[in-house]
Amino acid sequence: MKRRLFLKNAAAGLAAGTVSAPAIAQSQPAIQWRMASSFPKSLDTLYGTGELFVRRLSEITEGKFQIRLFAGGEIVPGLQVLDAVQNATVECGHTAAYYYIGKDPAFAFATALPFGLNARQQNAWMYYGGGMQAMADLFREYNCIQFVAGNTGAQMGGWYRKEIKSVADLKGLKMRIGGLGGQVLAKLGVVPQQIAGGEIYQALERGTIDAVEWVGPYDDEKLGFHKVAKYYYYPGWWEGGPQLSVIVNLKKWAELPKSYQSAFEAAAAESNVHMLARYDAGNPAALRRVVAGGARLRAFPRPVLEACLKAANELYGELAQKSAHFKRIYEGWNRFRSDQFLWFRVAEAGYDNFVFAAAAPAARTKK
Ligand code: CA
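Here we summarise the structure given alongside this text. Because the structure is a prediction, the values reported are computed rather than measured. (Residues numbered from 1 in each chain as written. Predicted model: local features only at pLDDT ≥ 70, side-chain atom pairs only at ≥ 80, totals over all residues. Heavy atoms only, no water.)

## Concerning the overall build of the protein chain
Scanning the protein chain from N- to C-terminus turns up 13 helices and 11 strands. With the principal axes as the frame, the protein chain shows a C-alpha extent of 90 × 55 × 40 Å. By sequence separation, contacts in the protein chain at least 24 residues apart represent 78% of the contacts at least 6 residues apart. Looking at the protein chain as shown, the accessible area adds up to about 17,600 Å², and 56% of this sits on carbon and sulfur atoms. Averaging the locations of the 43 positively and 31 negatively charged side chains of the protein chain gives two centres separated by 5 Å. (Helix = DSSP H or I, 4+ residues; strand = E, 2+ residues; numbered from the N terminus. Contact = heavy atoms within 4.5 Å. Areas by Shrake-Rupley, 256 points an atom, 1.4 Å probe, with all protein chains shown as cover. Lys, Arg positive; Asp, Glu negative; His and termini not counted. Charge placed at Lys NZ, Arg CZ, Asp CG, Glu CD.)

## Concerning the layout of surface pockets
In this structure, the largest pocket occupies an estimated 2,000 Å³ of space. In terms of lining residues, the largest pocket is bounded by 41 residues, among which A154, P235, G240, D352 and F356 are the most central. Taken together, the elements giving at least two residues each to the lining of the largest pocket come down to α4 (119-128), α10 (258-292), α11 (302-322), α12 (324-344) and α13 (347-366). At seven residues, α13 tops the list of elements feeding residues into the lining of the largest pocket. When its residues are assigned to classes, the lining of the largest pocket shows 21 nonpolar, 11 polar and nine charged. (1 Å grid on protein atoms, 1.4 Å probe; cavity = no way out; pocket = protein on both sides within 12 Å on 5 of 7 lines; lining within 4 Å. Points joined across faces, edges and corners; volume = space filled by probe spheres on them. Nonpolar A, V, L, I, M, F, W, Y, C, P; charged D, E, K, R; others polar.)

## Quick word on the coordination of the calcium ion
All of the protein donors around the calcium ion are Q155 (OE1), E213 (OE), E213 (OE), W214 (O) and E239 (OE); their distances to the metal are 2.1 to 2.8 Å. Each donor residue of the calcium ion belongs to the same chain, and together they define the spacing Q-x57-E-W-x24-E. Placement of Q155 in the loop between β4 (144-151) and β5 (158-160) and of E239 in the loop between β9 (231-234) and β10 (243-249) is noted, with a sequence separation of 84 residues between them. For Q155, a relative accessible area of 6% puts it in the buried group. (Donors = N, O, S within 2.8 Å, 3.2 Å for Na, K, Ca; no water. Buried < 20%, exposed > 50% of the residue type's maximum accessible area, 1.4 Å probe, protein only.)

## Considerations on the pattern of salt bridges
Should the charged atoms of two oppositely charged side chains come close, the side chains can pair. For the structure shown, the criterion picks out 20 salt bridges. With a shortest N-O distance of 3.7 Å, R328 and D137 are connected by a salt bridge. Placement of the pair is R328 in helix α12 and D137 in helix α5 (residues 131-140), with a sequence separation of 191 residues. Salt-bridge contacts for E314 lead to K310; the nearest nitrogen and oxygen are separated by 3.5 Å. Remark: K310 and E314 occur in helix α11; sequence separation between them is four residues, near one turn of the helix. Taking relative accessible area as the criterion, E314 reaches 39% and is therefore assigned partly exposed. Judged by relative accessible area, K310 falls into the exposed class, the value being 57%. Linked by salt bridges that have partners in common, R55, R56, E59 and E270 make up one network. (Salt bridge = Lys/Arg side-chain N within 4 Å of Asp/Glu carboxyl O.)

## Remarks on the nonpolar core
With 110 residues, the main nonpolar core has F53, I67, F109, W125, Y160, F264 and F326 as its most contacted residues. Other than its neighbours up to four places away in sequence, Y160 contacts L173, M175, D210, A211, A229, K230, Y231, Y233, W238 and F300. (Core = buried A, V, L, I, M, F, W, Y, C linked by side-chain atoms within 4.5 Å.)

## Looking at the side chain of E239
Within the buried set, E239 has no salt-bridge partner at all; the shortest N-O distance to an opposite charge, 6.1 Å, is to R176. Filtering out sequence-adjacent residues up to four positions away, E239 remains in contact with Y98, A112, G153, A154, Q155, E213 and W214.

So yeah, pure geometry; function would need other evidence.
What follows is the structure in structure tokens.
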């Protein structure tokens, strides 16, 4: 008797549960947005992170919140995603904030600064070091809100037709380079060019440019740079841990139900983790392939790195004079960076320096 009563109650509870779930789903509106990516479809890490984002958002909201993703140039040029979101041509975009340093150099903080934070430190700054709030004050002026949505990890220093043996070799070099790295190199004689991902190979092939930096082996291999410029330098000191952002028009954001805003933030955070993991997993094999394909690996000489660091610090002083946002954000960011570097020199660098040198060659000789 007791057991039958229990089963009856359990069945009633179950039925109540099945009734209430669709009732909740029905109360949520069906929303369709458009997202402009800055990246070409051929780059499954960069464009693919946008795909992951919209897929997960749809899944979390049971298909109610759909975003259609467009590759760079499809409806919005790759380097004008911020403008399109600001004007509500599209509701949202997936981009690198440093493409917009022409509007305000402080946008670089949401991607990377030369000799700045690595991927983990960038996350630490954004999520727990005041970065989200610091950037919100800037993005608000452009009718946007920004979410962290991807990171490449430390990048390579790019492809060069000729070796860079000294600071003098940088003079007159026409190089495709994004962000503030180009402005640092300009102080040492480089002529920086900003070209969207899909158009770089042609510029290098035609000789419009002498050098190019893009990301790292996994993407660079796909774009075929090793076929037209042999010397592959490291590290990409201008991008120690560059972040991508999902940006949303503020008015459109405010129209979303709270649960959709939460779903949006969760999908962005998941995209952030997956993009870095994908690069870290894919880069070693890609590096082996480009080297087998003729790439010659070179480390930037220390005097070149030191000259670049000096030029970067000069540039930060100048940018703080030009932009109130840069000055405001740089002060907090710089303190945060100093603390991070101090901490990472202890356990992280201690660990990395030993195991990367000691364990990796041993693993190779086993094969
Ligand atoms: Ca880059």
